[in-house]
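A look at the structure
The chain contents come next:
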Amino acid sequence: MAQNVADVLWEMLEKAGVKRCYGIVGDALNPVIDALRRNGKIEFVHVRNEEYGVFAAVAEAYFTGNPVAVCGTAGPGVTHLFNGLMDAKKEGAAVIAIAGDVETGLIDTAALEELNPYKFFEAAALYIGRLVNPAQARAVINTAITTAIGDRGPTVISLPGDVAASEAPDRKHIVAIPAKPVLRPADAPLEKLARLINDAKTVAIFGGDGCREARSEVLALAEKLKAPVGYTFRGKQWLEHDNPYATGMTGLLGYGGTYEAIQSADVLLLLGTDFPFSEFLPNGNVKKVQIDINPKHLGRRTALDLGLIGDVQPTVAALLPKVREKNDTSFLDKHLRKTREFDELLSHYVGKGPGIKPIRPEYLAATLSELASDDAMFFADTGTACIWMARHIKGSANRRLFASYSWASMAHAAPNAFGAQLAYPGRQTIALCGDGGFTMLQVGDLPTLVERKAPVVHLVLNNDSLGFVKIEQQEAGFVPFGVDFKNPNFARVAEAFGAKGIRLEEPGDVKEALTEALAYKDGPVVVDAVVDPFALSLPSHVPFHTAKGYTLSLAKQVVAGRFDDVIKTMERNVRLV
């Protein structure tokens, strides 16, 4: 029996390594989904919201390195894909979207559920192919696959139902997966970099996600140069653990000695990072070198003395023999000492946590880190959950940490954890959920996880507010407004869906509750943790405008009659000052 275009689509995706497709069935997709059923080699994951499915696909694609498919039917189904595809683009995840489209005879007639895929997906996709003729099938599908894998990002195949059901051309449908190249600078610029390093008295390293495959080389370089190693939030999981040169993060999530180290070094090496907060990067006398595989990243956050295009791993490997070993450890020792001092500050509300009510989020996160397995995978919603994961979830060689680092979407942690659970069955997958994000998207797909008995642990930070937005408003000098709401008992909501629910209000119960949650293997768990809504975090460096804005906000709150809130904020965070 002749293949139709939809059969060819799934055959080519399966050959490219796609194991799952997340989405929701709809009329425009019926021929596509029927072909998926016949294919039988790619699992269809029916979610309750297409956006949830794309976030799940992002985590699976990012960690496995394999492409993952998602789908949505024409119009409203397709629009739900957009936010997750933006996240895939920012995080470098090979997600291939199958977008239902109106029949070809209706295109450009303002038909029901019609939209222009080129215009709609322009910002979110690296390639968009509208397959309106069966003769296009092999070329469009192949381009979507190779672009997603080669450029590490999302692509879209817009597929009308009549074309999907049409007979495919009789030809081979082979997918040649692009091999990853070895990319490093030529010898001449490497020699220039080596001279710059050799002439410097002190060197600091600041690494990002580009160090994912280069941990050994970066640590060897740090050892040779006696260089402190700071890292971005995305770089934390690769560079923090078992690293005697680690000095923490910078930025408003920052901790440790990194800020001062990168501000005072003679030379700063920016390795595989596009850190977007320029105010925390040095100007003045620090010479800056950036190494990145993406030339668009070079120099766009801070002015450079030298920019090199290349993967961090082969570039640093080629650089190592060219640099002379430094023997003076005073610069490194100074910033390691500052890191230890800041660690003591961070640990105050962890150590005192069992006796403080409402529950301190620092204590909650640190206890979770202590109890979780060595290969646990942690996912943090955008907001205060990122603060506590950055500071109190400790990495290891096999632990993994993930967030919407560069897109900063709400409500992604639970679907990320679900995608990771399907990719790595039985491995601990833990979502640190904001209460705003949990009610926005995540609670709606709890039945999906119940149905599949997916053991995802949801730790909901229940503080009845958009906590991070509240902090941002205060930093900008505003009186917090529009950020408070009233939550239900999330444990009871979870139980109503068939999940396991645990309500956590007493600090003395934290260890027992988290142990119970992590041990549960029969499906999803929701731990509804009532945490202190006044808990703050103090970064290792506070910009003047932030301190000024926060002080102004407190003054305005007093004038507005919120003196009690100001007093509570001060009382509950006094040990951070």
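Just above, that's the structure.
The notes below deal with the structure included here. (Residues numbered from 1 in each chain as written. Predicted model: local features only at pLDDT ≥ 70, side-chain atom pairs only at ≥ 80, totals over all residues. Heavy atoms only, no water.)

1. Brief notes about the overall build of the chain
Rules: Elements are defined by DSSP. Helices are runs of H or I of four residues or more, strands are runs of E of two residues or more, and each kind is numbered from the N terminus. Atoms considered for the radius of gyration are the C-alpha atoms alone. The globule rule reads 2.2 Å times the number of residues to the power 0.38. A 1.4 Å probe rolled over the protein chains alone gives each residue an accessible area, and that area as a share of the maximum for its type sets the label: buried under 20%, exposed over 50%, partly exposed in between. Here a residue-residue contact requires only that any non-hydrogen atoms of the pair lie within 4.5 Å.
Counting secondary structure elements, the chain contains 25 helices and 19 strands. Computed over the C-alpha atoms, the radius of gyration of the chain is 25 Å, within 12% of the 25 Å expected from 2.2 N^0.38 for a compact globule of 577 residues. For the chain, the spread of C-alpha atoms along the three principal axes comes to 75 × 65 × 45 Å. Looking at the 577 residues of the chain, the share that counts as buried comes to 58%. A separation of at least 24 residues holds for 75% of the contacts in the chain among residues at least 6 apart in sequence.

2. A few points about the sheet that holds strand S19 (residues 525–530)
In plain terms, the rule: Between any two strands, at least two bridges found by DSSP are needed for them to pair. For helices, the axis comes from a line fit to the C-alpha atoms of the stretch in contact; other axes are also lines fit to C-alpha atoms, and the angle between any two N-to-C directions lies between 0 and 180 degrees.
Here we have six strands laid out as an open sheet, ordered S15-S14-S16-S17-S19-S18, and parallel in their pairing. Two strands close off the open sheet at either side, each with one partner strand: strand S15 (400–403) and strand S18 (500–504). Pairwise comparison of adjacent strand axes, ignoring direction, gives a mean angle of 15° for this sheet. Helix H3 (residues 50–64) contacts strand S14 (377–380) and S15 of the sheet and is inclined by roughly 140° relative to S15. Its contacts with the sheet put helix H16 (residues 361–371) on S14, strand S16 (429–434), strand S17 (456–462), S18 and S19, and the angle it makes with S17 is roughly 165°.

3. Considerations on the sheet that holds strand S3 (residues 68–72)
Pairing is parallel in the open sheet, where six strands are placed in the order S2-S1-S3-S4-S6-S5. Only two strands of the sheet have a single neighbouring strand rather than two, namely strand S2 (43–46) and strand S5 (127–130). Averaged over all pairs of adjacent strands, the angle between their axes in this sheet comes to 20°, without regard to strand direction. Here four bridges tie strand S1 (residues 20–23) to S2, and the two strands are oriented parallel to one another. Bridged to Tyr22 within S2 is Val45.

4. Quick look at the environment of Ala494
Mapped onto the secondary structure, Ala494 falls in helix H22 (residues 490–497). Of the residues examined, Ala494 reaches a relative accessible area of 0% and is grouped as buried. Sequence-wise, Ala494 and His297 are 197 residues apart; in three dimensions their C-alpha atoms are separated by 43 Å.

5. Examining the side chain of Asp528
To keep it simple, the criterion reads: A 3.5 Å cut-off defines polar contacts: any pair of N or O atoms within that distance qualifies, except that in protein one atom must be a possible hydrogen donor and the other a possible acceptor, and neighbouring residues in sequence count only when both atoms are side-chain atoms.
Note that Asp528 resides in strand S19. The class for Asp528 is buried, based on a relative accessible area of 0%. Within polar-contact distance, the side chain of Asp528 engages the backbone nitrogen of Phe490 at 2.9 Å. In this view, Asp528 contacts Val460, Asn462, Pro488, Asn489, Phe490, Ala491, Ile502, Arg503 and Leu504; residues no more than four positions away in its chain are not counted.

6. Digging into the packing of aromatic side chains
The test is simple: Geometry of aromatic contacts follows a simple scheme: Phe, Tyr and Trp rings, the Trp one being its six-membered ring, pair when their centres are within 6.5 Å, and the pair is stacked under 30 degrees between planes, edge-to-face over 60, tilted otherwise. Counted as over-ring charges are cases with an Arg CZ or a Lys NZ within 6 Å of the ring centre that also lie within 35 degrees of the ring normal.
Tallied over the full model, the rule gives 15 aromatic pairs. The structure contains a cluster of three or more aromatic residues connected by ring pairs, namely Tyr62, Phe63, Phe233, Phe379, Phe402 and Tyr405. Seen from the ring of Tyr62, Arg212 lies directly overhead, with NZ or CZ sitting 4.3 Å from the centre.

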